[in-house]
Amino acid sequence: MNIDVPEGKDPITYVWGEMVPGIGPAASHLSLAVYEHTTLGLREFEAARLRIAQINGCVFCLDWRTERDGEKVEEEFAAAVAEWRTTDRFDDRTRLAAEYAERYAEDHHNLDDGFWTRMSAHYTQREIVELSMSIGSWLAFGRLNRVLGLDTMCMLPRP
C-alpha cells in the first residue's frame, strides 16, 4: 500500500473518509449511486465496468460482480469482455458498452462520428450520459484504489 494508515484503522474507511473528509464521502456517494440508480441492463453495465477494471488492473474491481435481483453475469463473462471485439457472447449493446469503456479510458479523443452513430442507434441519450458517468466513476475510483494500493483490501465504501 502506498498510503500510511494508522494501526487499527481500516484502510478504505481511512483513505475514503478520514483523510479527505470534504471529498472522500462525496466520492463514495457517487460510487454507490452508479450501482443503486442505474437504468442500464446488467450485461452492458458489467461489460463497461469490467473493461475499465481490466484497463485499471484493480484487483477488487476485477473480482467484483454486480448483482441485481439475485442475478450476476456468468463466470465466463469477464473473459468475453477482454475479447469484446470478437466474442460471439455479446449483443450490440453489450459490445458497444465494452468498446465505449475502452475508448473512453484509452482513446477518448478519437470517439468519432461513426462511433456516435452506432451508439445512438442502440442507446438513448440518457443512457449514453448514464454510461459515461458510470465509466468515469469506475475509471477514477478503480484507478485511485489501484494506484494507492488499496485494491487488495477494498470493499465498497458505505456513506
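Residues numbered from 1 in each chain as written. Predicted model: local features only at pLDDT ≥ 70, side-chain atom pairs only at ≥ 80, totals over all residues. Heavy atoms only, no water.

Participant: What is the right way to look at the nonpolar core in this model?
Facilitator: Burial of nonpolar side chains together is a common tendency in soluble globular proteins. Residues Met 119, Tyr 123, Leu 131, Ile 135 and Trp 138 are the most contacted members of the largest nonpolar core, which totals 30 residues. Take this core: its biggest share by element is six residues, from helix α3 (residues 42–56). Other than its neighbours up to four places away in sequence, Met 119 contacts Leu 96, Tyr 100, Ile 128 and Leu 131. Ile 12, Tyr 14, Trp 16 and Ala 27 belong to the second-largest nonpolar core, a separate cluster that totals seven residues. (Core = buried A, V, L, I, M, F, W, Y, C linked by side-chain atoms within 4.5 Å. Buried < 20%, exposed > 50% of the residue type's maximum accessible area, 1.4 Å probe, protein only. Helix = DSSP H or I, 4+ residues; strand = E, 2+ residues; numbered from the N terminus. Contact = heavy atoms within 4.5 Å.)

Participant: Would you mind going over the side chain of Asn 56 with me for this structure?
Facilitator: With respect to the helices, strands and loops of the structure, Asn 56 is situated in helix α3. For Asn 56, a relative accessible area of 9% translates into the label buried. Once you skip the residues sitting within four places of it in the chain, Asn 56 turns out to touch Trp 138, Leu 139, Gly 142, Arg 143 and Arg 146.

Participant: What is the right way to look at the pattern of salt bridges in this model?
Facilitator: It is possible for side chains bearing opposite charge to pair when their charged atoms get close. Applying the stated criterion across every chain yields a total of 13 salt bridges. Between Glu 102 and Arg 51 there is a salt bridge, with its nearest N and O atoms 2.8 Å apart. With a gap of 51 residues between them, Glu 102 in helix α6 (residues 92–106) and Arg 51 in helix α3 connect regions that are remote in the sequence. Each member of the pair, Glu 102 as well as Arg 51, is classed as buried. With its nearest N and O atoms 2.6 Å apart, the salt bridge here joins Arg 85 to Glu 102. Of the two residues, Arg 85 is situated in the loop between α5 (77–82) and α6 and Glu 102 in helix α6; the sequence distance between them amounts to 17 residues. What makes Arg 85 exposed here is its relative accessible area of 54%. (Salt bridge = Lys/Arg side-chain N within 4 Å of Asp/Glu carboxyl O.)

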